Amino acid sequence: MIVKPENMNFSDQRFSMIIYGSPGVGKSTLALSAPNPILIDFDRGISRVKAEHRKDTMVCETFEDVLADISSPEMSAYETVVIDTGGSFITLLKDYAVRQGFSTKSGDISLKGFGEVAKQFDSFTNTIKVVMNKNIIYVFHSNETVDKDGNPLQRLVCEGKVRNTVWTPCDFGGYVQMIGDRRFICFTPEQEFFAKGCHGISGKHEIPVLREGDKNNFVTNLFAAAKANIKAETDGFKKIREDYEKVMINVNEILDAVETAEDLTHAFEVLPNLPHVLTSKREASAMLRDKAKTMNCTYDKEKKCYVSNEEPAE
């Protein structure tokens, strides 16, 4: 099905997101603030989330268990799948790859096995977001390294080839950090950490302290803001598109009335002064050239007008 831009509807847009940071900064609770989530708890860490903020949780021993559970009818009730943590999920994928024969003689995962892990990671992400039409959030721990100049760097705790590929499919990548006694999630990369933002979501956002009875809805609100930004951009472009179409109707009317070289000259003078939008000015110039070519006329720069190339009748 082909959908024209003016008929596109992003109200049901789904997002993929990475949340990472040091242990104990509240990443799991933050991830569970997404719309109607279910947690796949690879780290067995749901007990560390306050009881009032816990959500339905899936505990799986193998990757096959994961695939079976996400294929169950019960999954239709959820809008977001939270993976906690991405690093442990990759460990599970390594076990799967080895059992599929991607191993060395010593039983360790082979180089091709790491490729299989990356492949399955991407496929799983696409299945959740595209096929099942759900948000997906990966929670990762971070560890601190240093660059060649000794500057601290925060990196995902993640093994193998997947370390370089997990960022590709995500819409948002947020690094969670403490600044003083306040928590922030950062969507704009800095020297110390990588991050990723889109749809108007960027910079540092303070994560509110959750007191008893407070709603845990930070990521829900973030996704809603992104959707609102998409809608605002779409609505703004719709107006521009309407203006473009009005200009092009005017362009066609002017060119349809052209019958002589003098008419071409008049069109040449009028067309550039229309209230052009987007590519209308360039298109109008091209259409005028085509019209002149069809009429066998050329523009005389000295006379500053179009002239006919046809021999006058005797």
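The paragraphs below set out a description of the structure included in this document. (Residues numbered from 1 in each chain as written. Predicted model: local features only at pLDDT ≥ 70, side-chain atom pairs only at ≥ 80, totals over all residues. Heavy atoms only, no water.)

**A closer look at the overall build of the chain**
A count of helices and strands for the chain gives 7 helices and 11 strands. Taken over C-alpha atoms, the radius of gyration comes to 29 Å for the chain, far larger than the 20 Å a tight globule of 314 residues would show. Each principal axis of the C-alpha distribution contributes one length, and for the chain these read about 100 × 55 × 55 Å. A burial count over the chain gives 39% of its 314 residues as buried. Contacts in the chain between residues far apart in sequence, at least 24 positions, make up 63% of those at least 6 positions apart. Looking at the chain as shown, the accessible area adds up to about 17,800 Å², and 52% of this sits on carbon and sulfur atoms. (Helix = DSSP H or I, 4+ residues; strand = E, 2+ residues; numbered from the N terminus. Rg over C-alpha atoms; globule rule 2.2 N^0.38 Å. Buried < 20%, exposed > 50% of the residue type's maximum accessible area, 1.4 Å probe, protein only. Contact = heavy atoms within 4.5 Å. Areas by Shrake-Rupley, 256 points an atom, 1.4 Å probe, with all protein chains shown as cover.)

**Comments concerning the state of the cysteines**
Counted by the stated rule, this structure contains 0 disulfides. Free of any disulfide, Cys 170 has its nearest cysteine sulfur in Cys 198, 8.4 Å distant. On the accessibility criterion, Cys 170 (5% relative accessible area) is buried. (Disulfide = S-S within 2.5 Å.)

**Regarding the packing of helix 6 (residues 261–270) against helix 7 (residues 280–294)**
Two elements in contact, helix 6 and helix 7, have axes whose closest approach is 11 Å; the angle formed by their N-to-C orientations is 170°. Judged on the interaxial angle alone, helix 7 and helix 6 are roughly antiparallel. Contacts between helix 6 and helix 7 pair Leu 264, Ala 267 and Phe 268 from the former with Leu 288, Lys 291 and Ala 292 from the latter. Its residues assigned to classes, the contact of helix 6 with helix 7 shows 5 nonpolar, no polar and 1 charged. (Axes fitted to C-alpha atoms, helices over the stretch in contact; angles between N-to-C directions. Parallel < 35°, antiparallel > 145°, perpendicular 65-115°, else oblique. Nonpolar A, V, L, I, M, F, W, Y, C, P; charged D, E, K, R; others polar.)

**Side note on a nonpolar patch on the surface**
A contiguous nonpolar patch, built from Phe 237, Ile 240 and Leu 278 and spanning about 250 Å² of accessible area, is present on the exposed surface. Relative to the assigned elements, Ile 240 resides in helix 5 (residues 218–256). (Patch = residues over 30% accessible without salt bridge, like charges linked within 9 Å, V, L, I, M, F, W, Y side chains within 5 Å. Salt bridge = Lys/Arg side-chain N within 4 Å of Asp/Glu carboxyl O.)

**Topic: the pattern of salt bridges**
If the charged atoms of two oppositely charged side chains come close together, the side chains can form a pair. What the rule picks out here adds up to 11 salt bridges. Here Arg 44 and Glu 61 are joined by a salt bridge, their closest N and O atoms 3.0 Å apart. Highlighted residues: Arg 44 in the loop between strand 2 (37–41) and strand 3 (57–58) and Glu 61 in the loop between strand 3 and helix 2 (63–70), separated in sequence by 17 residues. A network of salt bridges, in which partner residues are shared, links Glu 64, Asp 95 and Arg 99.

**Examining the packing of helix 2 against helix 4 (residues 111–131)**
Interaxial distance between helix 2 and helix 4 falls to 12 Å at its minimum, and their mutual angle equals 15°. Compared by their axis directions, helix 2 and helix 4 come out roughly parallel. In terms of crossing hand, the pair formed by helix 2 and helix 4 is left-handed. Together, Phe 63, Val 66, Leu 67 and Ile 70 of helix 2 and Gln 120, Phe 124 and Ile 128 of helix 4 make up the contact between the two elements. When its residues are assigned to classes, the contact of helix 2 with helix 4 shows 6 nonpolar, 1 polar and no charged. (Left-handed = near helix turned anticlockwise from the far one by under 90°.)

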